[in-house]
Amino acid sequence: MDDTLEEKAKDFLSPDNSYTDKAGFESALANIYLTIRTDMYANSDSPDNFDMLGGDVDFAAKQVSKTTWNEYFYWNTLNADSNFAEKWWTRFYNWIYQANTIIDRADDDGASWDSDDDKNAIIGEAKFLRAWAYHFLANMWGGVPLVLEETTSAKFDYSRATQEEVYQQCKDDLEYAVQWMPTVDELKGGRAPRAAAWHLLSEVDICLEDYDGAITAASKVIDDSNFYLMTERFGQWTDFQFNGYDYRGEYETWGDVYWDLFQEGNMNWLEGNHEAIWNVEFDVNTLGGGNNSDGGNFVLERWWGGPVAWGLSDINGVTNFLKDTLGGRPIGLIAYGGSTSAWTPVNYTDSIIWEYKDDWDRDIRNSKYNIQRTYYWTNPASKFYGEPITIENTSAPSTNYIYNPACFKKAIPAVHHGLFTDSSSGQGHDGGGIFKDWYLMRLPETYLLRAEAYFRKGESEKAAADINIVRSRAQATSVTAGDIDLDLILDERARELYMEEFRLSTLMRMGKLQEYLMKYNSAVISKSYNLDDHINKLPIPNSEIEANKDAVLEQNTGY
Amino acid sequence: MKKNHFLMIPDFHKIWISKLCRTMRITFFVLLVTVSQILATNLYSQNTRLSLNLKDVEIKDVLQEIESKTNFFFMYNAAQVDVTREVNIQCRDMLIPEILDVLFHDTNVVYEVNNRQIALSIVGGNSSQQVVHLSGKVTDSSGAPLPGVTVVVKGTTQGIITDANGNYSLPKVPADAFLVFSFVGMKTQEIAVAGKTAIDVMMQEEAVGIEEVVAIGYGTVSKQAVTGAVAQAKLETYENVATNNVLESIKGSVAGLNVAGTNTAGEVADLTIRGQNSTAASNTPLIVVDGAIFNGSLADLPTNDIENLTVLKDASAAAVYGSRSANGVILIETKQGKGIGGKPKFDVKMSYGISDQLKPLKVYDAKGYLQRVLDIREANGQEADPDNIQSYLTTIEAENYNATSDHKPTLSNPFDLISRLGHTYNATVSVSNSTEKTKYYISTSFIKQKGVMINDDFKHISGRVNIDSDLTNWFNVGIKSSYSMRDYSGDSPTMDYATHLSPYASIYNEDGSYKEFPQSTTSVYNPFWAIATEDKDIRNNLTGIITGTIKIPWVKGLSYQTTYSNSVRWNERFQFYDENTVKGESVNGKGYRDYDRTYDMLLDNMIKYNRTFADRHYVDVTLLFSKEHSAWESMEAYAQDFNNTALGSYALENGNTQTVETGGGESNAFGMMARGTYTYNHKYSITGTVRRDGYSAFSKNKKWGVFPSVGFNWNISREKFMEDVVPVNNLSLRVSYGKNGNQSIDPYTTLAKVSTDKYIFYGDDSYTITQYISTLANDDLGWESTTGLNMGIDFTLLEKRISGSIDAYKTKTNDLMFDLSVPTISGMSSITSNIGEIKNKGFEMNLHTLNLDKGNFKWSSDFAFSLNRNKVATILGEDNDGDGKEDDLVSDGYFIGRSLGTVYAYKVSGMWQQEDKDNGTIMSGMRPGDYKLEDKNGDGAITSDKDRQFIGNTNPNFRWSWTNTLQYYDFSLMLYFYSIWGGNGWYLSKTNAPYQDGYSNSSSVNHAVYDYWTPTNTNAKFPRTDYRNNAAYQGTKYIDRSFIKLQKISLTYNATRLVKPWGVGGLNCSLSADNIFTYAPHWVGLDPETNCGVREGAVPSIRTWLFSVSLNF
């Protein structure tokens, strides 16, 4: 009878028969990449999808009317019940669990390897991913519990390590990773190459105040012949012709090199983009290519793509058209009601950073190709067809007028797949979904990390040189050693990496979050919040403290 | 000796046999006694033979002698009956009636036997009165003629027994006399002659009686020997009213059996017995049909096929099912053959009904909608000028608004688009017969129900063949097979989409097709765009049960019984969404076909021994070995991206993207059970049970469990000292104690599991299958066990005017399967463990009363009341905060010493108002119109660790139901009230919060009408429209769900009398209504029973009006 009662799984694998060879471990690694894609970009159809990218920090705010912004984080009452803190804490530790499983089981007797190199490369990649998760935790929470082994049974007595111990663990993992991970030319797109580990090691070394280490690590990427900044137009869209945002002008060759960097088909190293260190992969209507079978939830265009020009009516009640070329289907600054407010650029990203050194018209990152600030009537039936949308010619301007905030064209593909058809214009659109391979790490950030290390080490000349490499590609005016401070580095990050870098993590790492919120965040300013600097670190989720019943998890101060 | 003259009985012996046969059949059909038990219980009392040898004794001494040697007892008025007369009597092995004949030969004393009671009286009668010659026919409740019924003129000994056709004829009956009709197993009836010459009587089965036999699992026992809490549902209450499934018929009829409300066609209600024992595991009772554990849906069994439904509520009663009985057991027996005088009996029942919404959800009409637009804008700090309203509307809305000068809305009520009048058709036909050796019952039934929303359709087709045959006099074989097909095909538009429609929406395009976005905003789809192009949902169940019983000829009372049950359940689920649907649009159509099949096998081997020794020692032993096996397979094919969607799910190969998912598994279980019952002289009974179970789904270290129980029954009314307590007809006391298990854990959950997904890397042609460990291995997860004490009283009082039972119980459940939250630092969020203890206690009462019984008018009621309290006794048993008391497990919502439904949350103490803002007392982050949450520690902020408090409980305080049956001539009226009551913080719900649905602050999305705060409506029940979006601290106001519901009314006319001349055995017509009216003084929303608030998507309950006809011949 006991034999009959023994269970043998029929339709699922067990760890014992699935973590046994290279293919199995690569599947396990692939799952971490999938989890990162879901967690960071494609989890939900809401602005929350992109809350690590600077939404409601200093980049953007949830604007509901000309003068009203709603805070996403409730900065002045942020506490241990914060959904944000709980969500990301859980996600990072989940990546760590998956990485630990790979690291432990790769060395197990149950795993067979053709060579030690194969095994070490897998372990290296897993350690890189683990370090990536831990560096976010250290940046955003400080010292957190260090879990380095696969969880096999429930545990309730976690305690916090120091922030330095966490960074040191990242460094240990990365030093292993940079020895064994494959290089970018050996990999498929979407997997992190060895350069990603050097890049991350550079940031971790800065945190450990080992600036020489940081400089060396960054240089490993910068000096790698596989990587260089794209200075000329490249890729599939160099011949793209467009007749302007009013859709009425002469067709002209459209775009510049910065614009090329963000077009579908151009974003991967394997597509000839030598700035791309590490991407997350999306493909339209392809199994494994999106978050769900309906086409994925990568909806950067929808929630951060600018105002809803397509939703307006002119004073005669003629509806504007949604255009499938460079128009997109954003819902930022909602015209109707106020419930679904998306991210709208704050003054900082809309104008302040572009005014630096009078570069407004010079810096190609602020070119008409990359940021749109004027919107047009696009319905031929409108009396104003082809004219800019203004307060005077818009129906109910006090409600629906869009104030011409910036629309970042990074988020919007030149031409859409046309998965949906707009009922008024008959044109195709993708419902706000995009299918580009977004950047997780891009070479300009490596330069800016090295610049930060040089600056912190006291070598501002070298820092200026690195920053100028990035700026000169953008045709922006050079900076001098005297210009360099952390704010300049943060501004340059904003100019080059907006919507790419994990801005919240960066500001928290530098201890600048509170200052930048007070200076730039529309909701905080308009509501006159007086924020304390304890918000430079997030609270440990209350649910974690409660579940960790056999030991005390110290809360961060101020919560 | 004179010829006896008091009972004009042609052949005493024959009548006894006839009566016996009748008794056997009725008892068999109604109560499902096995042949052996009939021998044990009925033959004993009525076939008792006695030998006497007494000289010069008074008659009363003879009577005493008979009483002491048998179970008979005598009742007589000593002033009338001369019992002091001295007699000599000498007899050998004579039946009691024969002895009485001898004893009262040549006297005016007559006797009447009623069960074990023998009444002696004097032949009387006032000869000067007017007399009539009376005749008539007696039938049973199904209209079949009833032979052998005793018909006596009240107060006299004049009487007769009905003949084989149920006819009787009585000459010279006083015109003002009353006739008494009595028959074993039937209720005795008294009817006034009132000058009539013909009186037909329909006898009703007796519900409560000393002879009642009760199913207890793996056998039956006489009611008097029942030691646990066992209750039979009164199915006859709804006999003439069509129901969609048996749950409707038993709702409220058994105290402690809780049947939830439903609101869609064919929906099967949730069912629980007593309180909640388990948190992670199921709380659903085990269902046993015809002796075999049943894994299908109760809706597979048509109500008409069910003869009898018994609920085993306590540990000792349920213990025979050991590991899976912790949530109680429901035993169902389907009908057996039953004929009319050897001829087949046909039963036909048909009904037709219409349904509407009990309380429809109201959304804003044009006026309210426009006002709400302004209110929302104002709440969000936007311009809100009533004169500028059209500019706040969406393009389509504005167009429609401006289309007429009086701004006539395009939709007066959006629900008109998707709702309809519901219909129900119900038909059942059965034929059955019983011959000497063989019985059969064949039935088929058909239900078609159209819900109150379009496409909410349900069809049920079922068939059953039950055959039972004595192949030899020691070998009986029974086969019970059934097939059921439930068809839920049809995709209803979600209520949500309809709730969102603006009064100024345009549903159609100019070409008549459905407009995708009826009011411009892409937040609101046309409800018709949400409906699947193709939707098929069919659930089949084919079951066959074979039972073989062998009476071992050389050992009296020993038998072997085997039950072998096979059942196959298979489901077909297809859906397709073409390019003109919300789901299919972006992927060029998508669809799937899903097939799954489950096979269940059960083999029970039983040895039974039961025998009565020396007339008073009754022994019953059952030994069981049982094996169960279940196996399932599933397959789903999915495709999307079609060049042509015309063929839908019939040609998924035309999709450019295809996936296939397959699955399967099995589970196995063994059980060994021994049960022994000993009864002494029908007065004292003791039952002991032990069962050992093994189940494959448990972890490798915990496969087996042992579950013992014991119970006693003391029939107090049979004690000598109770003889003089006349008001008490029957009184017995039960006590039981035992342990049950809960094995409702899904197979394979204790194994470590690797799950897979897909990710496509650049440079690859196809995706990589990813893998991760989704479940940790759990080597120590085992049985939950519930140990319980039950005490009960069964009573019949005041000449059976009042009968019922009262039970009180206390249980504790240990080793709960508990999803324990673990810090997510581990990478896991919870793990299932056996920890903690939950205690339940409760009180239940079932009361049957005959309130009024006057001539042709009769009023009887059934009242059921139940109350259950549970509390968490311990969870982890840890005290980390050092307060000397075990710590609560706040993360999972478990609080030591408190109920499982405890609400621990912020308390909404009011609403912040403008004055609070003006005088600066308003809390930071809050605005006028936000709920004021109680700041318990007064730190000026609301935090979950410091400001939550105990608000109350989501469990009911108590439940009751009250069924009234009024009979007047051939009419009967049934009224059934049902109530769940809270009060004082009980039965709270938060799911009715209309401001939590995500659209309360969307001015272009319509919403259920609710009372929200505005600067001019400061006394509102609910907060400002943007509360959910913009308030720093948010709480929910809990609302009491207490209600009393008039659940059913039925008016039945028994037209048998009218149709009899055409050879029809019985005809009943009834008009009934279900779910008629609900009184809920505190609730805000639709039906409190289904917990529907005023949120989007709240589905109204269905109210049904039904006309039924049942006919037999």
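Scroll up to find the structure.
For clarity, every value in this text was computed on a predicted model and none was experimentally measured.

Novice: I keep staring at the overall build of chain B and nothing clicks. Help me out?
Specialist: Scanning chain B from terminus to terminus reveals 16 helices and 51 strands. Counting only C-alpha atoms and orienting by the principal axes, one finds that chain B spans roughly 110 × 70 × 70 Å. Per-residue burial for chain B yields a buried fraction of 57% across its 1113 residues. A separation threshold of at least 6 residues defines the contact pool for chain B, and within that pool the share at least 24 residues apart is 69%. Put simply, chain B has 104 plus and 122 minus side-chain charges, and the middle of one group is 8 Å from the middle of the other.

Novice: I keep staring at helix H16 (residues 513-520) of chain A and nothing clicks. Help me out?
Specialist: In an α-helix, one turn spans 3.6 residues, which is why side chains three or four residues apart end up on the same side. All names here are of chain A. All of the buried residues along H16 are Leu-513, Tyr-516, Leu-517 and Tyr-520. Viewed along the axis of H16, the buried residues span an arc of 105°, placing them on a single side of the element. Residues of H16 that are buried sit in contact with helix H10 (347-350), helix H14 (486-497), helix H15 (503-510) and helix H17 (522-526).

Novice: Mind showing me how you'd approach the pattern of salt bridges here?
Specialist: In a structure, side chains of opposite charge can pair up when their charged atoms sit close to one another. Following the criterion strictly, the structure yields 80 salt bridges over all chains and no others. Among the salt bridges present, the one from Glu-492 of chain A reaches Arg-495 of chain A, with a minimum N-O distance of 2.9 Å. Here Glu-492 of chain A pairs with Arg-495 of chain A, and both are found in helix H14, just three residues apart, close to one helical turn. When its relative accessible area of 0% is taken as the criterion, Glu-492 of chain A is described as buried. Here Asp-305 of chain B and Arg-464 of chain B are joined by a salt bridge, their closest N and O atoms 3.6 Å apart. Placement of Asp-305 of chain B in the loop between strand E19 (292-293) and strand E20 (306-312) and of Arg-464 of chain B in strand E25 (residues 457-472) is noted, with a sequence separation of 159 residues between them. For Arg-464 of chain B, a relative accessible area of 5% translates into the label buried.

Novice: So what exactly am I meant to see when it comes to a positive patch on the surface here?
Specialist: Residues and elements named next belong to chain B. Residues Lys-810, Lys-812, Lys-839, Lys-841 and Lys-871 make up a contiguous surface patch of positive charge. Contributing elements (two or more residues each) for the positive patch: strand E38 (802-821) and strand E39 (830-854). Following the sequence through the fold, Lys-841 ends up in strand E39. For Lys-841, a relative accessible area of 47% translates into the label partly exposed.

Novice: Is there a simple way to think about the nonpolar core in this case?
Specialist: Soluble globular proteins: nonpolar side chains tend toward being buried together. Core analysis: the biggest nonpolar cluster contains 191 residues, and Met-40, Phe-92, Phe-128, Trp-132, Trp-141 and Trp-278 of chain A have the highest contact counts within it. Take this core: its biggest share by element is 14 residues, from helix H4 (residues 116-141) of chain A. Ala-366, Tyr-369, Ala-993 and Val-1099 of chain B belong to the second-largest nonpolar core, a separate cluster that totals 54 residues.

Novice: Hey, could you run me through helix H4 (residues 96-103) of chain B in this one?
Specialist: The element H4 of chain B is largely enclosed, with a buried count of six among its eight residues. Along H4 of chain B, the residues classified as buried are Ile-96, Pro-97, Ile-99, Leu-100, Asp-101 and Leu-103 of chain B.

Novice: Would you mind showing me how to read the sheet that holds strand E21 (residues 329-334) of chain B here?
Specialist: The strands that make up a sheet pair up through hydrogen bonds in the backbone, lying either parallel or antiparallel. Residues and elements named next belong to chain B. Strand order in this open sheet of five strands is E15-E20-E21-E18-E19, and the pairing throughout is mixed. Here the strands that pair on one side only, and so sit at the sheet edges, are strand E15 (230-232) and E19. Two strands pair when backbone bridges link them, and strand E18 (residues 286-289) and E21 are joined in this way by four bridges, in the parallel orientation. Directly across from Val-289, in E21, lies its bridge partner Ile-332.

Each value, and the rule that gives it
- Residue numbers here run from 1 along each chain, matching the order of that chain's written sequence.
- Here the convention is simple: chains get letters from A, ligands get numbers from 1, in the order in which they are written.
- Whole-chain, interface and lining totals are the exception, using all residues; otherwise, since this is a predicted model, local features are given only for residues with pLDDT of at least 70 and side-chain atom pairs are given and counted only at 80 or more.
- The side-chain numbers reported here are obtained from all heavy atoms of the structure, hydrogens and water having been left aside.
- Strands are runs of DSSP state E lasting at least 2 residues, helices are runs of H or I lasting at least 4, and numbering of each runs from the N terminus.
- Partly exposed residues are those whose accessible area sits between 20% and 50% of the maximum for their type, while under 20% is buried and over 50% is exposed, using a 1.4 Å probe and protein chains only.
- Throughout, a residue-residue contact means that at least one pair of heavy atoms, one from each residue, lies within 4.5 Å.
- Neither His nor the chain ends contribute to the count of charged residues, in which Lys and Arg are positive and Asp and Glu negative.
- Just so you know, the charge point we use is NZ for Lys, CZ for Arg, CG for Asp and CD for Glu.
- The arc in question is the one spanned by the directions pointing from the helix axis to the C-beta atoms.
- For this analysis, a salt bridge means a side-chain nitrogen from Lys or Arg found within 4 Å of a carboxyl oxygen belonging to Asp or Glu.
- Only residues whose relative accessible area exceeds 30% and that form no salt bridge enter a patch; like-charged residues are grouped when within 9 Å of one another, and nonpolar side chains (Val, Leu, Ile, Met, Phe, Trp, Tyr) when within 5 Å.
- All accessible areas in this document rest on Shrake-Rupley with a 1.4 Å probe, and a residue is counted as covered only by the protein chains that are shown.
- Nonpolar cores are built from buried Ala, Val, Leu, Ile, Met, Phe, Trp, Tyr and Cys residues. Side-chain atoms within 4.5 Å join them into one set.
- Note: two strands are recorded as paired if DSSP finds a minimum of 2 bridges between them.

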